[in-house]
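Per-entry structural report
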Amino acid sequence: MPVFSSKKKSDEYCCKIFTMDAELQFTVEATAKGHTLFSLVCQTIGLREHWYFGLKFLDKITNEWTWLQMNKTILSQPLHILSNTILSKRPDSPNTSDNFKPHLLRSPPTSASNSTLSLPSSLSSGGQQYPKGTLELYFVVKFYPEDITNELIQDITRHLFYLQVKQDILNMDIYCPPDTAAHLASLALQAKFSDYDQIISSSEPFNLESEALLPLSCFQKIELSRTDWFDRIIALWRTHASLTRDESEMAYLKHAQDLDMFGLSFFEISKMQGANKSNTLSQQQSDQPSIAAELWLGIDSLGIRFYKKNKLRPEVFFSWCDIKSVTAHDKKVILNMVGDKHATFAFYSAKSSVSKEILDLATGNHELYMRRRREESIEIQQMRYFEEQQKKEKLRVFARERQLRLQAEKERDEIERKFIEYQQQMKEIHDTLLKYQEAAELLARKAHISSEEARLQAEKAIEIETQLERCKYEMNRNEEEKRLYARQISECEQIISTLVNDSVKNRNEAEELKLEVAKWRVAEAAAREKLLSITQLNQSIAVSTAAQHAQHNLAQSSPRTISPPPYRPMHRVQEPNPNDERAYLIEKQSKQAQLALQLQDLKNVIQSKTIEGQKTQLDMDYEQNLAVGDNKYSTIQKASSGTASKRMAMLQDL
């Protein structure tokens, strides 16, 4: 984590601020107020939308997580001052588990942590070195917008919201169904590592086992191995190819915003009664209020909700426009409604610190609610204009890079096609050459056989001539034998003439075969020369292809920041091709359809593999809402239906 520090004086304190992805260190004066330290943090990280965030610390009196008051001095608030040189763990920490992350929890610390993540190295080490007089605070999201897509302006704001919401889902502070959790995990992997195929093709080590992807409950209540989960998450990850980090994080927040518990702060409260019944109220004020079972108060950017039994279905909802003011006295909180001055409701919390937090969150959310409905300030308009210009520039660069990438892919496909064609031609020439060689060898064998036959026939003719001479010699000795020999001689002459003719014929055939062999050898030499030329051409094409791939890989070496290729004045970039845009849209629709099919298949698998005995109350509440076709927005609409007096009566019944 990066650390920012400055020189410390004797009358100053060292403040260590932990954000979602960094560790900051400042020195502040003993009289500094909370807003001074908060401004330092915002200026350091470049955050201008500061109204969504706050500083949290561990209260040394109540041992609970408390928001830092901006209008009070830091030392006047109950922070732990770490005076030891080396601390093995936080003082009075409510949990010593390695999985405990206090700065990431929206709910109060409990005896056991549900997080699937371990602490960062700087927080989970065996001993930490702190200067004397060190204060430890945590920079986290305090207020949520109504529409996270349109209201968040800065990239740093969206990134911090993404980290916060992701951690809340992994810690199970926000209930998330298993199929939605797998989808969000695939978007988180795309935001961190970019495209899956690019990671696999690179030589960098990659281990999915070390990544925190799903809440622990997914492994406990679903009979799927970690390998099966990872395979399905990777399949979803591949459908997000070509999404940038900002687009992936925004898609993550869009899907997370539809979760029922997104942006809600829950508080367990006691029985409620109307303030207009003064006698009954005074009687109950004198007694210690008892906490009602399964009764919660939920505060978010839209208003205040009241829950009973089902924490995913509010029974009564009051928008901030229905609420005039909220006051708190010790453990008692009073809601003053708009319209009738007697339309007030009182309820009790377990501790006075909880009542103060309810008042703080209600006041802040109400102020942001009213600000959103007024005309935007000059600062907001300037921020929006600046971010829109930056977004346009990013889109222009991205469009140019995508066009160059498509063009490079086309050139690569064309080179691959030509390479395949050349390989096919080489194969055909090689097969033809083999046929020529076989034919030449066959003709050579035939020529050899013919020459052997001619030699044998010549030897036989010589032998017959020798016999003829012997016969003539014997004819001189005996006339009768002469006549006999004369007949034999005539027969032999006929045979000799036949053999001579055959020998001449075979000799002619042998000469013709030799000429044919010579022709085949010439054709073989020509084929060899053509094969050599094509091989040299393929080598040159392979070298150029390797150079292009090396340049392309160099341009995409960073998975987060894509640097545009160097500008070449001699080659003008072509205008976007409508066919390429149409192909891009078709590919995007295909990926969305593929993603929908994979999510539906995952839902079916989860339904068949769910362990009934491991289901939590939230799981059963979610299935109940799903069975009647309700979601986050329909339940709010039902809880806010009717007049204010009717909803007050419903509160009385609760």
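Just so we're clear, the structure is a prediction, and the values are computed from it rather than from any experiment.

What follows is about the overall build of the protein. Tallying secondary structure elements over the protein gives 17 helices and 16 strands in all. Counting only contacts in the protein whose residues sit at least 6 apart along the sequence, the fraction spanning at least 24 positions is 68%. A total of about 36,800 Å² of accessible surface is found on the protein, and carbon and sulfur atoms cover 52% of it.

Attention now moves to the side chain of asparagine 336. With respect to the helices and strands, asparagine 336 occurs in strand β15 (residues 332-337). A distance of 2.9 Å separates the side chain of asparagine 336 from the side chain of serine 325, its partner in a polar contact. Setting aside residues no more than four positions away along its own chain, asparagine 336 makes contact with Ile323, Lys324, Ser325, Thr327, Ala343 and Thr344.

What follows is about the packing of aromatic side chains. A full pass over the atoms with the stated rule returns 18 aromatic pairs. With a centroid separation of 5.2 Å and an interplanar angle of 70 degrees, the aromatic rings of tyrosine 196 and tryptophan 237 are classed as edge-to-face. Note that tyrosine 196 is positioned in helix α6 (residues 196-201) and tryptophan 237 in helix α8 (residues 226-238), a separation of 41 residues in sequence. Residues tyrosine 196 and tryptophan 237 agree in their burial class; the two are buried. In this structure an aromatic cluster arises from ring pairing among Phe38, Trp51, Tyr52, Phe53, Phe139, Tyr144, Phe161 and Phe262. Looking at arginine 226, its charged tip hangs above the ring of phenylalanine 219, at a distance of 4.6 Å from the centre. Positioned above the aromatic ring of phenylalanine 266, the side-chain terminus of lysine 311 is 4.7 Å from the ring centre.

Turning our eyes to something else, we now look at the pairing of strand β16 (residues 344-348). By the criterion of burial, β16 is predominantly enclosed, with five of the five residues buried. Of the two faces of β16, both are covered, the one formed by Thr344, Ala346 and Tyr348 as well as the one formed by Phe345 and Phe347. Bridge count for β15 against β16 is five bridges, and the pairing is antiparallel. Note on β16: the bridge partner recorded for isoleucine 334 is alanine 346.

Let us now look at the packing of helix α5 (residues 178-193) against α8. For the pair α5 and α8, the least separation of the axes is 8 Å and the interaxial angle reads 60 degrees. Compared by their axis directions, α5 and α8 come out oblique. Here α5 runs over α8; the crossing is right-handed. Along the contact surface, α5 presents Pro178, Ala182, His183, Ala185, Ser186, Leu189, Gln190 and Phe193, while α8 presents Trp229, Ile233, Leu236 and Trp237. Here the residues of the contact of α5 with α8 sort into nine nonpolar, three polar and no charged.

The next thing to look at is the pattern of salt bridges. Inspection of the entire model under this criterion finds 31 salt bridges. One salt bridge connects glutamate 23 with lysine 16, and the closest N-O pair in it is separated by 2.7 Å. One salt bridge connects arginine 372 with glutamate 146, and the closest N-O pair in it is separated by 3.1 Å. Of the two residues, arginine 372 is situated in helix α11 (residues 352-372) and glutamate 146 in the loop between β8 (134-141) and α3 (148-151); the sequence distance between them amounts to 226 residues. By relative accessible area, glutamate 146 is classed as partly exposed at 24%. Through salt bridges that share partners, Asp155, Arg158, Arg245, Asp246, Glu249 and Lys394 make up one connected network.

So, about the UniProt feature "coiled-coil region" (unreviewed entry) in the protein. UniProt records the feature "coiled-coil region" (unreviewed entry) for residues 398-432 in the present numbering. Helix makes up 100% of residues 398-432 and strand 0%, and the two end C-alpha atoms of the span are 50 Å apart.

Turning our eyes to something else, we now look at α5. In a regular helix each residue adds 1.5 Å, so 16 residues correspond to 22 Å; α5 covers 22 Å between its end C-alpha atoms and thus fits that length. One or two positions beyond α5, positive phi appears at serine 194, with a value near 70 degrees.

The next thing to look at is the environment of alanine 527. Looking at the secondary structure, you find alanine 527 in helix α13 (residues 479-555). Look at alanine 527 and you get buried, because its relative accessible area is 13%. Those residues in contact with alanine 527, other than ones at most four positions away along the chain, are Ile429 and Leu433.

With that settled, the discussion passes to the nonpolar core. Among the nonpolar cores identified, the biggest contains 108 residues, and Ile17, Phe139 and Phe306 are the most heavily contacted of them. The element that contributes the greatest number of residues to this core is α5, accounting for nine residues. Among all residues touching isoleucine 17, those that are not within four sequence positions of it are Ala22, Glu23, Leu24, Phe26, Leu37, Val41, Leu55, Leu137 and Phe139.

Attention shifts here to the side chain of histidine 183. Structurally, histidine 183 can be placed in helix α5. Residues in contact with histidine 183, not counting those within four places in the same chain, are Leu236, His240, His255, Leu595 and Leu599.

Bringing the confidence of the model for the protein into the picture now. Summing up the model confidence of the protein, the mean pLDDT is 79 and the portion of residues at 70 or higher is 80%. Overall, residues 1-10 carries pLDDT values under 50, and its contacts beyond four positions in sequence, including any with other chains, amount to 22 contacts. Contacts for the low-pLDDT stretch residues 557-574, under 50 throughout, to residues beyond four places or in other chains number 18 contacts.

For the rest of this paragraph, the subject is unusual backbone geometry. Not every positive phi belongs to a glycine, and serine 242 is a case in point at roughly 80 degrees. Looking at the secondary structure, you find serine 242 in the loop between α8 and α9 (245-257). In this model, lysine 309 sits at a positive phi of 70 degrees, which is unusual for a non-glycine residue. Here lysine 309 lies in the loop between β12 (303-308) and β13 (316-319).

Compared with the 18 Å implied by 1.5 Å per residue over 13 residues, the 18 Å span of α9 between its first and last C-alpha is a close match. Residues of α9 that are buried include every one of Ser248, Glu249, Met250, Ala251, Tyr252, Leu253, Ala256 and Gln257, and no others. On its buried face, α9 sits against α3, α4 (155-170), α5 and α16 (632-639).

Inspection of the entire model under this criterion finds zero disulfides. In this structure cysteine 176 is not part of a disulfide, and its nearest cysteine sulfur, from cysteine 218, lies 7.2 Å away.

Turning our attention to the pairing of strand β2 (residues 23-29). Counting buried residues along β2, six of its seven residues qualify, which places the element largely inside the surrounding structure. Alignment of strand β1 (residues 12-18) against β2, held across seven bridges, turns out to be antiparallel. Residue lysine 16 lies in a different strand from β2, and its bridge partner there is glutamine 25.

Once that is clear, we can look at the environment of serine 355. Topologically, serine 355 is positioned in helix α11. Exposure remark for serine 355: the relative accessible area of 0% places this residue in the buried category. Spatially, the C-alpha atoms of serine 355 and threonine 327 are 9.1 Å apart, while their sequence positions differ by 28 residues. Filtering out sequence-adjacent residues up to four positions away, serine 355 remains in contact with Ala328, Asp330, Lys331, Lys332, Val333 and Ser349.

The rules behind the values
- Residues numbered from 1 in each chain as written.
- Predicted model: local features only at pLDDT ≥ 70, side-chain atom pairs only at ≥ 80, totals over all residues.
- Heavy atoms only, no water.
- Helix = DSSP H or I, 4+ residues; strand = E, 2+ residues; numbered from the N terminus.
- Contact = heavy atoms within 4.5 Å.
- Areas by Shrake-Rupley, 256 points an atom, 1.4 Å probe, with all protein chains shown as cover.
- Polar contact = N/O pair within 3.5 Å; in protein donor to acceptor, adjacent residues only side chain to side chain.
- Phe/Tyr/Trp six-rings, centres within 6.5 Å; stacked < 30°, edge-to-face > 60°.
- Buried < 20%, exposed > 50% of the residue type's maximum accessible area, 1.4 Å probe, protein only.
- Lys NZ or Arg CZ within 6 Å of the ring centre and 35° of its normal.
- Pairing = 2+ DSSP bridges.
- Axes fitted to C-alpha atoms, helices over the stretch in contact; angles between N-to-C directions.
- Parallel < 35°, antiparallel > 145°, perpendicular 65-115°, else oblique.
- Left-handed = near helix turned anticlockwise from the far one by under 90°.
- Nonpolar A, V, L, I, M, F, W, Y, C, P; charged D, E, K, R; others polar.
- Salt bridge = Lys/Arg side-chain N within 4 Å of Asp/Glu carboxyl O.
- UniProt positions renumbered as here; feature names shortened; annotations may be inferred.
- Expected span 1.5 Å × (residues − 1).
- Core = buried A, V, L, I, M, F, W, Y, C linked by side-chain atoms within 4.5 Å.
- pLDDT = per-residue confidence, 0-100.
- Disulfide = S-S within 2.5 Å.

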